[in-house]
Amino acid sequence: MEIKKEVNKDILAVAALFLLSLIFFWNIIGTGTVMNNVHYLHEQTFFAYNYKSALENGTLPFWTPYWYSGQPLFGDSQLFFLNLTLVFMLLLKNIFLAVSLSALAYLFIAGLGMYLLAKHFIGSRSAAFISSVIFMFNGLIYTFVLWGNPSILEPYSLIPLIFLFIAKAKKSKNPVNYSALAGMLLAFQIFSGGAQVFLYTLMLVGLYLIAICIGPNLKANLGRAFAIGLIVMIIFFGVSAVKLLPGLDFA
């Protein structure tokens, strides 16, 4: 019974985070509205339109005829691939609604991930909730959500979950599953079109793996950190290669 009460409290906290996200985006969720900044108006709607046109022809947007008289598109590191914008667009058949709902979803995922990560390390529900709200609405990400590049918000939202899975891999008897999940989320950062955030995340992950080596049983810690890092990178590269390699070639 006590466990059920604790779970119910967590559900209420997560529901509150979703409500905050919904209130934040309430005015722009619709079939004909989108946030008024160049990255949403140009990049997200433009990329989504190219995806929609390409998929109707049974292919991916390898080339766009609408930009600079035509140029490669899929190799552009800022072009999203297999993200929630694409999923919502396929389901709802409306570009503007897909862009708005994906922004809402990623803001909520940012809060949810930080709530779970803080709860894992701290154990305090109230501290976890405050941490998640700060992570969702700090000045930098607030600017990127409203006036900046949505390709920053999406990979940013995945950072807490990546660290949560790596932390769980460190404590698990079998680190493979959690390490694989972390590697997949790193790949989704590439899929988001936010490669610059991926690079920062990768550096932080490397520092964290170094940090977990410090302490007693140095040899065992080194082996565990190496195993986690190796699995993460194998899964990351295997999943992301379809987007990463064309992007590197185009760059």
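Residues numbered from 1 in each chain as written. Predicted model: local features only at pLDDT ≥ 70, side-chain atom pairs only at ≥ 80, totals over all residues. Heavy atoms only, no water.

Here we take up the overall build of the protein chain. When helices and strands are tallied, the protein chain shows ten helices and two strands. Moving toward the C terminus, one meets the helices and strands of the protein chain in the order α-α-β-β-α-α-α-α-α-α-α-α. Scaling as 2.2 N^0.38, a compact globule of 251 residues should have a C-alpha radius of gyration of about 18 Å, and the protein chain matches this with 19 Å. Seen along its three principal axes, the alpha-carbon backbone of the protein chain occupies a region of about 60 × 40 × 30 Å. Scored against the burial criterion, the 251 residues of the protein chain give a buried share of 48%. Sequence-distant contacts in the protein chain: of pairs separated by 6 or more residues, those separated by 24 or more amount to 68%. Carbon and sulfur atoms provide 71% of the accessible area of the protein chain, an area that totals close to 12800 Å². The centroid of the 14 positive side-chain charges in the protein chain is displaced by 15 Å from the centroid of its 8 negative side-chain charges. (Helix = DSSP H or I, 4+ residues; strand = E, 2+ residues; numbered from the N terminus. Rg over C-alpha atoms; globule rule 2.2 N^0.38 Å. Buried < 20%, exposed > 50% of the residue type's maximum accessible area, 1.4 Å probe, protein only. Contact = heavy atoms within 4.5 Å. Areas by Shrake-Rupley, 256 points an atom, 1.4 Å probe, with all protein chains shown as cover. Lys, Arg positive; Asp, Glu negative; His and termini not counted. Charge placed at Lys NZ, Arg CZ, Asp CG, Glu CD.)

A few words on the pattern of salt bridges. The tally for this structure, following the rule as stated, stands at three salt bridges. Two residues, Asp10 and Arg125, come together in a salt bridge whose shortest N-O distance is 2.9 Å. Taken as a pair, Asp10 in helix α1 (residues 2–25) and Arg125 in helix α5 (residues 125–137) lie far apart in primary sequence, 115 residues in all. In this pair, the class of Asp10 matches that of Arg125, namely buried. (Salt bridge = Lys/Arg side-chain N within 4 Å of Asp/Glu carboxyl O.)

Another point: the confidence of the model for the protein chain. Mean pLDDT over the protein chain: 87, with 94% of residues reaching 70 or higher. The spread of mean pLDDT over the elements of the protein chain runs between helix α6 (residues 139–146), the lowest at 73, and helix α8 (residues 176–191), the highest at 95. (pLDDT = per-residue confidence, 0-100.)

Here we come to the side chain of Ser132. Topologically, Ser132 is positioned in helix α5. Judged by its relative accessible area of 0%, Ser132 is buried. Discounting residues that sit within four places of it in the chain, Ser132 has contacts with Leu17, Gly111, Met114 and Tyr115.

Next up on the list: the packing of helix α4 (residues 95–122) against α5. Where α4 contacts α5, the axes come no closer than 8 Å and their chain directions differ by 145°. Helix-helix and strand crossings are classified by hand; for α4 and α5 the assignment is right-handed. Judged by residue contacts, Leu107, Ala110, Gly111, Met114, Tyr115, Ala118, Lys119 and Ile122 of α4 engage Arg125, Ala127, Ala128, Phe129, Ser131, Ser132, Phe135, Met136 and Phe137 from α5. (Axes fitted to C-alpha atoms, helices over the stretch in contact; angles between N-to-C directions. Left-handed = near helix turned anticlockwise from the far one by under 90°.)

Let us look at the nonpolar core. Counting residues in hydrophobic clusters, the biggest one holds 70 residues, and the most contacted among them are Tyr51, Ile162 and Ile166. The leading source of residues in this core is α4, at 15 residues. When near neighbours in sequence (up to four residues on either side) are disregarded, Ile166 contacts Ala182, Val205, Tyr208, Leu209 and Ile228. (Core = buried A, V, L, I, M, F, W, Y, C linked by side-chain atoms within 4.5 Å.)

Let us look at the environment of Gln196. If you trace the backbone, Gln196 turns up in helix α9 (residues 195–211). Taking the relative accessible area as the measure of exposure, Gln196 reaches 35% and is therefore partly exposed.

Moving on, we get to the packing of α8 against α9. Where α8 meets α9, the axes come as close as 7 Å, and the angle between the chain directions of the two elements is 150°. Classified by the angle their axes make, α8 and α9 are roughly antiparallel. Where α8 crosses over α9, the handedness of that crossing is left-handed. When α8 is examined against α9, the residues Leu186, Gln189 and Ile190 are found in contact with a partner set consisting of Ala195, Val197, Phe198, Thr201 and Leu202. When its residues are assigned to classes, the contact of α8 with α9 shows six nonpolar, two polar and no charged. (Parallel < 35°, antiparallel > 145°, perpendicular 65-115°, else oblique. Nonpolar A, V, L, I, M, F, W, Y, C, P; charged D, E, K, R; others polar.)

Let us now look at unusual backbone geometry. With a phi angle near 60°, Lys93 is a residue other than glycine that sits in the positive phi range. Mapped onto the fold, Lys93 is located in the loop between α3 (84–92) and α4.

Now for the side chain of Ser102. With respect to the secondary-structure elements, Ser102 resides in helix α4. When near neighbours in sequence (up to four residues on either side) are disregarded, Ser102 contacts Leu84, Thr85 and Phe88.

Moving on: a nonpolar patch on the surface. A cluster of nonpolar residues, Val87, Leu91 and Leu92, forms a patch on the protein surface that exposes about 270 Å² of accessible area. Position of Val87 relative to the elements: it lies in helix α3. (Patch = residues over 30% accessible without salt bridge, like charges linked within 9 Å, V, L, I, M, F, W, Y side chains within 5 Å.)

The subject of this paragraph is the environment of Tyr208. Structurally, Tyr208 is set in helix α9. For the pair Tyr208 and Ala167, spaced 41 residues apart in sequence, the C-alpha separation works out to 9.1 Å. Setting aside anything within four residues of it in sequence, one finds Tyr208 in contact with Phe121, Phe163, Ile166, Ala167 and Lys170.

Those residues of α3 not exposed but buried are Thr85, Leu86 and Met89. Along the axis of α3, the buried positions cluster into a sector of 100°, meaning they face one direction only. Capping the start of α3 is the job of one residue whose side-chain oxygen sits 3.3 Å from the backbone nitrogen of Thr85: Asn83. Just downstream of α3, Lys93 is the residue with a positive phi angle, here 60°. (Arc of directions from axis to C-beta. Polar contact = N/O pair within 3.5 Å; in protein donor to acceptor, adjacent residues only side chain to side chain.)

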